[in-house]
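Structural description and commentary
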Amino acid sequence: MDFAHIRQYAHQHCRFKLRNGKEIYGVVWEVETTDANGDGSNKRLYFASVRDYERLQHSATPVHVMPMQPEEIVGVESLAS
């Protein structure tokens, strides 16, 4: 899957089906970073559980966040109500 398709599910509670067959539940979001030289920018995708994502939004409490490659995701379903 590419960033353009995933972007519509960003910041929402979703079920993600991964290339390796696993299903994970949580939230993904995109972060744009600049390289060390400041010459260009890169888009990075991150994943966290819903609970960790909410903590990240509301406090400085350490949370478990995982970088993720868009190609790892083969399916997504929004669980947000």
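These figures come from a predicted structure and were not determined experimentally.

**Structural notes on the overall build of the protein chain**
Helix and strand counts for the protein chain come out as two helices and five strands. Reading the secondary structure of the protein chain in the N-to-C direction produces α-β-β-β-α-β-β. Its C-alpha atoms give the protein chain principal-axis dimensions of about 40 × 30 × 20 Å. Relative to its full complement of 81 residues, the protein chain shows a buried share of 26%. Counted over contacts in the protein chain with a minimum sequence separation of 6, partners at least 24 positions apart contribute 44%. Carbon together with sulfur atoms contributes 47% to the accessible area of the protein chain, which is approximately 5400 Å² in total.

**What to know about the sheet that holds strand β2 (residues 23-34)**
Across the sheet, which stays open at both edges, the five strands sit in the order β4-β3-β2-β1-β5 with antiparallel pairing between neighbours. Two strands in the sheet have a free side with no partner beyond their single neighbour: β4 (66-68) and β5 (73-78). Ignoring which end each strand starts from, the neighbouring axes of this sheet average 45° apart. Examined bridge by bridge, β2 and strand β3 (residues 41-48) share eight bridges and lie antiparallel to one another. If you follow Val 31 over to β3, its bridge partner there is Arg 44. Against the sheet, helix α2 (residues 50-58) engages β2 and β3, with an angle of about 35° to β2.

**A look at the nonpolar core**
If you look at the biggest cluster of nonpolar residues, it comprises 12 residues: Ile 6, Tyr 9, Cys 14, Phe 16, Leu 18, Ile 24, Val 28, Leu 45, Phe 47, Met 68, Ile 73 and Val 76. Counting only elements with at least two residues in this core, the list comes to β1 (14-18), β2, β3 and β5. Once residues lying within four places of it in the same chain are set aside, the contact partners of Val 76 are Met 1, His 5, Tyr 9, Cys 14, Arg 15 and Phe 16. Ranked by size, the runner-up nonpolar core spans five residues in total, among them Val 27, Trp 29, Tyr 46 and Ala 48.

**Description of the side chain of Asp 52**
Within the secondary structure layout, Asp 52 lies in helix α2. Here the side chain of Asp 52 touches His 64 through a polar contact of 3.3 Å, landing on its backbone nitrogen. Setting aside chain neighbours within four positions, we find Asp 52 in contact with Val 63 and His 64.

The rules behind the values
Counting from 1, residues in each chain are numbered in the order their sequence is written. At least 70 in pLDDT is required for a residue's local features to be given in this predicted model, at least 80 for side-chain atom pairs to be given and counted, and no such filter applies to totals for whole chains, interfaces and linings, which use all residues. Derived side-chain values reflect all non-hydrogen atoms in the structure, with water molecules and hydrogen atoms excluded from consideration. Secondary structure elements follow DSSP: runs of H or I of four or more residues count as helices, runs of E of two or more count as strands, with numbering from the N terminus. Here the term buried applies to any residue with accessible area under 20% of the maximum for its type, exposed to any over 50%, and partly exposed to those in between, with areas from a 1.4 Å probe on protein chains only. Between two residues, a contact is recorded if the distance between any of their heavy atoms is within 4.5 Å. Surface accessibility follows the Shrake-Rupley procedure with a 1.4 Å probe radius. Residue values consider only the protein chains on display as shielding. Being paired, for any two strands, means DSSP has found at least two bridges between them. Lines fitted to the C-alpha atoms define the axes, with helices restricted to the stretch that makes contact. Angles between their N-to-C directions range from 0 to 180 degrees. Definition used in this section: a nonpolar core is a set of buried Ala, Val, Leu, Ile, Met, Phe, Trp, Tyr and Cys residues joined via side-chain atoms within 4.5 Å. In protein, a polar contact requires one atom able to donate a hydrogen and another able to accept it; more generally it is a pair of N or O atoms within 3.5 Å, and residues adjacent in sequence count only if both atoms are side-chain atoms.

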